[in-house]
Amino acid sequence: MLTMWFSLATVSLACLVQGIMSTEFDGPSIIQVSDPVTMGESPVWDRRLGKLLFVDIHKGRVMAYDFEKKTTDIAAEFPGHDLTPIILYKNSPNVLVAGLGRNLAKIALYNKLADPEILHTVQHDKPKNRFNDGKADSRGRVWIGTIGDEPSRGKLDLNAAALFKFTKGNVTNPTVMIPKVSVSNGIAWNQDGTELYYIDTPSEEIVKYDYYSESGNIANKTVVFSTKGKGLGYPDGMTIDEDGNLWVALYAGGSVIQINPSNGTLIRRIPIPAQFTTSVAWGGPNLDVLFVTTARRYLTPEELQGQPGAGSLYAITGLGTRGLPDFEADV
């Protein structure tokens, strides 16, 4: 496995090494920490295992990057199934709540004999849809959305998806929280649990809702940032830091941006050596490493020559902030 360092000051390859090097740069640095997969997505830090988990969607794999050992292995595999997202499960350190096609399921890690436990299947009238992104809120409710049929690069069944909310009492009857979505993607809550941020990628907008943690309801949608006309790419996965700023992966934009949602300011943009940057998550023991998943699906052979690390997991250090712990699903 090749590990690459990039200096963000010059946005160029600084050195190419085997393993992780201890090299000093001014400001943030990017490290390639895994070999490429086809469609990396849904990174989540599992503090119980000390690993950054992510998926290779169309291979049906959960990948696990060991922070201490600097190695990556396959923690679970479901051939023939699209797998995303993955969400930590409250009641077991070796079980995840996951999207398996259109199924909400519980899956076991490091247990090849365990079949998925299917909890519920959504959108029977749209069999080509699948789950795409989601997280648990502070009460353990699962917020998870779908994506419309995507037969080829640039082709998508618009307004055919939705964002669902699953609770312990309605696992088989989830609530549609946002209908007529195209690509349900990034979701995050502010630290005091009064605001929910959400992305439907083709809208090119990051929106905010007032969030009521007691009931799990949302209201009063407002746009906090738009990528329209800015040449940035499409907003994809998202997380939030302890200062209340959003971090957003830009699909087809080869970068991650930091946004102040209170005033819509673009604070900084960090280039990633992969055109299809898919999602972000804070990890490491101190939650001060920003992990970035990427994809190589749909890249031409010529494009792959220019970005051989596409599909890899990257780690950004030295950002001067840290994230918040992920909530665990309780359904």
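Here the residue numbering is sequential within each chain, running from 1 through the sequence in written order. Local features in a predicted model are, by the rule used here, given only for residues with pLDDT of at least 70; side-chain atom pairs are given and counted only at 80 or more, and totals for whole chains, interfaces and linings are based on all residues. In computing side-chain properties, one takes all heavy atoms of the structure into account and sets aside hydrogens as well as water.

1. Brief notes about the pattern of salt bridges
(1) Moving on: Salt bridges are counted wherever a side-chain nitrogen of Lys or Arg sits within 4 Å of a carboxyl oxygen of Asp or Glu. Going through the model one piece at a time under the given rule, you end up with 10 salt bridges.
(2) Moving on: Close ionic contact of Asp137 with Arg141 constitutes a salt bridge, the shortest N to O distance being 2.7 Å.
(3) Moving on: Residue classification places Arg141 among the buried positions, given a relative accessible area of 9%.
(4) Moving on: In this structure, Arg139 engages Glu214 in a salt bridge whose closest nitrogen and oxygen atoms are separated by 3.0 Å. Linking Arg139 in the loop between β12 (130-136) and β13 (142-147) with Glu214 in the loop between β18 (205-212) and β19 (217-226), this pair joins segments that are 75 residues apart in sequence.
(5) Moving on: Looking at Glu214, the relative accessible area reads 62%, which means it is exposed.
(6) Moving on: Counted as one network, the salt bridges with shared partners bring together Asp46, Arg47, Arg48 and Glu328. Relative accessibility under 20% of the residue-type maximum defines a buried residue, over 50% an exposed one, and the middle range a partly exposed one, all with a 1.4 Å probe and only protein chains included. Secondary structure elements are taken from DSSP: a helix is a run of H or I of four residues or more, a strand is a run of E of two residues or more, and numbering for both begins at the N terminus.

2. Comments concerning the packing of aromatic side chains
(1) Moving on: By convention, a stacked pair of Phe, Tyr or Trp rings (six-membered ring in the case of Trp) has centres within 6.5 Å and planes under 30 degrees apart, an edge-to-face pair has planes over 60 apart, and any other such pair is tilted. According to the stated counting rule, one finds 8 aromatic pairs in the structure shown.
(2) Moving on: Centre to centre, the rings of Trp189 and Tyr211 are 5.9 Å apart; their planes meet at 70°, and the pair counts as edge-to-face. With a gap of 22 residues between them, Trp189 in strand β16 (residues 184-189) and Tyr211 in strand β18 connect regions that are remote in the sequence. Exposure class is identical for Trp189 and Tyr211. Each is buried.
(3) Moving on: Members of the aromatic cluster, connected to one another through ring pairs, are Trp143, Trp189 and Tyr211.
(4) Moving on: The lysine or arginine in question, Lys70, covers the ring of Phe67, its NZ or CZ lying 4.1 Å from the ring centre.
(5) Moving on: Seen from the ring of Phe225, Lys230 lies directly overhead, with NZ or CZ sitting 5.2 Å from the centre. Distance and angle both matter: a charge sits over a ring if NZ of Lys or CZ of Arg is within 6 Å of the ring centre and within 35 degrees of the ring normal.

3. Thoughts on the sheet that holds β13
(1) Moving on: In this description, strands pair whenever DSSP reports at least two bridges between them. Taken in spatial order, the 4 strands of this open sheet run β12-β13-β14-β15, and their pairing is antiparallel. One side of each edge strand has no neighbouring strand; the edge strands of this open sheet are β12 and β15 (175-181). Neighbour-to-neighbour, the strand axes of this sheet turn through a mean angle of 15°, independent of strand direction.
(2) Moving on: In this sheet, β15 lies alongside strand β14 (residues 161-166) in antiparallel orientation, the contact comprising 4 bridges. Axis angles are defined between N-to-C directions and span 0 to 180 degrees, where every axis is a line fitted to C-alpha atoms and, for a helix, only to the segment in contact.

4. With respect to the UniProt feature "domain: SMP-30/Gluconolactonase/LRE-like region" (unreviewed entry) in the protein chain
(1) Moving on: UniProt positions are given in the numbering used here, feature names are shortened, and annotations may be inferred rather than shown by experiment. Feature annotation in UniProt assigns "domain: SMP-30/Gluconolactonase/LRE-like region" (unreviewed entry) to the following positions: residues 39-296.
(2) Moving on: As a span, residues 39-296 carries 0% helix and 57% strand, and end to end its C-alpha atoms are 6 Å apart.

5. Let's talk about the sheet that holds strand β5 (residues 51-56)
(1) Moving on: Taken together, the 4 strands give an open sheet; going across it, the order is β4-β5-β6-β7, and neighbouring strands pair in antiparallel fashion. Every interior strand has two partners, whereas the edge strands, β4 (40-46) and β7 (71-77), have only one. Along the sheet, successive strands turn relative to each other by an average axial angle of 25°, direction set aside.
(2) Moving on: Bridging between strand β6 (residues 61-66) and β7 involves 6 bridges; their strand directions are antiparallel. Within β7, the position partnered with Tyr65 by the bridge is Thr72.

6. Here we look at the side chain of Asn185
(1) Moving on: Topologically, Asn185 is positioned in strand β16.
(2) Moving on: Assessed through its relative accessible area of 3%, Asn185 is described here as buried.
(3) Moving on: Contact between two residues is taken to exist if any of their heavy atoms lie within 4.5 Å; hydrogens are not considered. Beyond its immediate chain neighbours, meaning those up to four positions away, Asn185 contacts Glu41, Asn132, Asp133, Tyr198, Ile199, Thr201, Asp236 and Gly237.

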